[in-house]
Amino acid sequence: MPGVREQLGFGATEVEEPVPLEAIELPPPRVEPPPSLTHLFRSDPYERVSHALGRGYRDVVRGFRGQIQDPPDLVAHPGDEREIEAVLAWCAEERIAAIPYGGGTSVVGGVEPRIGDAYPGAVTIDLCRLDRVLEVDEVSRAARIQAGARGPALEDQLREQGLTLRHFPQSFEFSTLGGWIATRAGGHFATLHTHIDDLVESVRAITPGGLWESRRLPGSGAGPSPDRLLLGSEGILGVITEAWVRVRERPRWKLSRGVAFESFASGAEAVRELAQSGLNPSNCRLLDPAESELTHAGPPGKALLVLGFESAHHPVEEPMRIALEVARDHGAQVDQGPRSKPDGEDAVGAWRHAFLAAPYLRDTLVALGVLSDTFETAITWERFPEFHAGVMETAGAAIAEACGAPPDGPGSPRLSCRFTHVYPDGPAPYYTVLCPARRGGEVEQWDEVKAAVSERVIDAGGTITHHHAVGRDHRPWYDRQRPGPFAEALRAAKRAVDPEGVLNPGVLLDP
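Parameters at a glance
- Along each chain, numbering runs from 1 in the same order as the chain's sequence is written.
- Reporting of local features is limited, given that this is a predicted model, to residues whose pLDDT is at least 70; pairs of side-chain atoms are given and counted only at 80 or more, and all residues count toward the totals for whole chains, interfaces and linings.
- Values reported for side chains reflect all heavy atoms of the structure, with hydrogen atoms and water molecules removed beforehand.
- Secondary structure elements are taken from DSSP: a helix is a run of H or I of four residues or more, a strand is a run of E of two residues or more, and numbering for both begins at the N terminus.
- Radius of gyration: C-alpha atoms only; globule rule: 2.2 Å multiplied by the number of residues to the exponent 0.38.
- In this analysis, two residues are considered to be in contact whenever any of their non-hydrogen atoms come within 4.5 Å of each other.
- Residue-level accessible areas treat just the shown protein chains as cover; the underlying method is Shrake-Rupley with a 1.4 Å probe.
- We score Asp and Glu as negative and Lys and Arg as positive, and we do not count His or the chain ends.
- To locate a charge, take atom NZ for lysine, CZ for arginine, CG for aspartate or CD for glutamate.
- Exposure is judged per residue with a 1.4 Å probe applied to protein chains only, and the accessible area is read against the type maximum: over 50% gives exposed, under 20% gives buried, and values in between give partly exposed.
- When DSSP locates at least two bridges between a pair of strands, those strands are taken to pair.
- Axes here refer to lines fitted to C-alpha atoms; in helices the fit is confined to the stretch in contact. Angles between the N-to-C directions go from 0 to 180 degrees.

Trainee: Hey, could you run me through the overall build of the chain in this one?
Mentor: Scanning the chain for helices and strands turns up 16 helices and 18 strands. Computed over its C-alpha atoms, the radius of gyration of the chain comes to 23 Å, within 12% of the 24 Å expected for a compact globule of 511 residues. Each principal axis of the C-alpha atoms in the chain carries an extent, and together these give about 70 × 60 × 45 Å. Pairs at least 24 apart in sequence give 74% of the contacts found in the chain among residues at least 6 apart. Total accessible area on the chain stands at roughly 21500 Å², and carbon and sulfur atoms take up 52% of it. Across the chain, the mean location of the 52 positive side-chain charges is 3 Å away from that of the 73 negative side-chain charges.

Take a look at the structure:
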């Protein structure tokens, strides 16, 4: 606790304890499965509580306090597609909400059975038993993998063939392939192959209206893509059961360097040139001075670019040399650490450690009275400077008001930004908020900030989410972002495959 207060300048004086599971009161299940399906379902408190929330700040706070307002009535654990079909058929017949569930790492209310009185009950369909790599095509470099496979298990099975999917979202340890596809998850690469979209070859899903399976192809111009319709569908069109994904040899050559800039703006100009250069660095994450200081990654008062290249086929010294020349042209200072750093104790290593540790600190920060959350977006380069200034201004004011703390000086809230991914036409800025929490009112406190920044992002032409998905929490702004005719087309598609409207109601569309 003293370390947190010393680092941030704020935090509670007493550590709060989470409410134990046995103290959480749940309403009894409202529905019962038919005898033929009873063996697939569980309804004990642990199952219902552990599937009631995702992993966003709002979820962590409510789980910490034992505030489980919308638990699923039952949790299904099907072991194959036939059992998924049976569960969906029963849900459709009884008009019970069915919530597909992978690793439960949604940060936007995507797996929360928040259905109100519109349905007689809610069933969560947990795909954890579908966790295998079923087939590897070494010639075409693709693998058929079940949707419930979590990141580590998936990689362990591919490693036996000397291959990797090389998709590492921050939730990698707990999230699943099906969840990545359903939410269009962003992964390891900061350029080129940034989203799971780029790695999907074909998808298979079970819908109430029948099997949905696309043809395996390297590319196709045959009308709208059935894969693209499932990518980002967030479980409203079907339960994704498996996919063919593009894999690659494991990288043999890696280089990382930390590059300091006098300002975030000068670093952004260098990153824009790198993104448009065709060098395609695997890592090209720019941290503003506040983010760099928070992670102890770069020199005080400087922006830091975490730059990396990797390859399974050739050394990467030359592309790194060219990239560093580009950075120096924009006034960069390149670190003097070791040139090859698998786990180097340097700026890159410090940032990597902070990045990987961040999700695990949320429970601790809630206990210590610290509000900690993020929001992210994407915008084109020519609009970025004005856009970023406006978002920082709005967020700073909203945080100061919600936290009741001065916008600057000792103990002031922390607001920082980094680029998670960059494209030739624009960056994906990712903002982190840390401020004193109002114990007992944290959810409302964050909702105030989130609403203010979301309005500013949408009004300024950005996207409400770059890789966090829509869920239920982003719905008001997603509705404003998408074209009206597209919304109608999506509703029509859902009616066609899910006529009773039981699949994840409230996500992307109204029930």
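Trainee: How do you make sense of the environment of Arg30 when you look at a structure like this?
Mentor: The topology assignment puts Arg30 in the loop between helix H1 (2–8) and strand E1 (41–42). Its relative accessible area of 45% is what places Arg30 among the partly exposed residues. A sequence separation of 44 residues divides Arg30 from Leu74, and the C-alpha atoms of the two residues are 8.8 Å apart. Apart from the residues within four sequence positions on either side, Arg30 is in contact with Asp73, Ile115, Gly116, Tyr119, Pro120, Gly121 and Ala122.

Trainee: Please explain the pairing of strand E10 (residues 239–246) as it appears in this structure.
Mentor: Both faces of the sheet carry side chains from a regular strand, because those side chains alternate between them. Most of E10 sits inside the fold, with seven of its eight residues counted as buried. Pairing between strand E6 (residues 142–146) and E10: five bridges, direction antiparallel. Paired with Ala143 across the strands is Val245, a residue of E10. Bridge count for strand E8 (residues 200–207) against E10 is six bridges, and the pairing is antiparallel. Each bridged residue has a counterpart across the sheet, and for Ala205 the counterpart in E10 is Ile240.

Trainee: Help me understand the sheet that holds E1 in this model?
Mentor: The strands that make up a sheet pair up through hydrogen bonds in the backbone, lying either parallel or antiparallel. Pairing is mixed in the open sheet, where four strands are placed in the order E1-E2-E4-E3. Of all strands in the sheet, those with a lone pairing partner are E1 and strand E3 (97–101), marking the two edges. As defined by bridge partners, E1 adjoins strand E2 (residues 74–76) across two bridges and the pair is classed as antiparallel. Of the residues in E2, the one forming a bridge with Arg42 is Val75. Along the sheet face, helix H4 (residues 81–94) touches E1, E2, E3 and strand E4 (122–126) and points at about 165° away from the line of E4.

Trainee: Looking at this structure, how should I read the pairing of E4?
Mentor: Counting buried residues in E4 gives five out of five residues, a clear majority hidden from the surface. Residues Ala122, Thr124 and Asp126 line one face of E4 and the alternating positions Val123 and Ile125 line the opposite face, and both faces are buried. Where E2 lies against E4, three bridges are found, and the strand directions are parallel. Counterpart to Val75 in the pairing with E4 is Thr124. With five bridges connecting them, E3 and E4 associate as parallel partners.

Trainee: Can you help me understand the sheet that holds E8 in this one?
Mentor: Taken in spatial order, the five strands line up as E5-E6-E10-E8-E9 in an open sheet, and their pairing is antiparallel. Of all the strands in the sheet, the pair left with one neighbour each is strand E5 (133–137) and strand E9 (210–213). The mean angle between the axes of side-by-side strands here comes to 10°, regardless of whether they run parallel or antiparallel. Here E5 pairs with E6 via four bridges, running antiparallel. Of the residues in E6, the one forming a bridge with Asp137 is Ala142. Sheet strands in contact with H4 are E8 and E10, and its direction is about 45° off that of E8.

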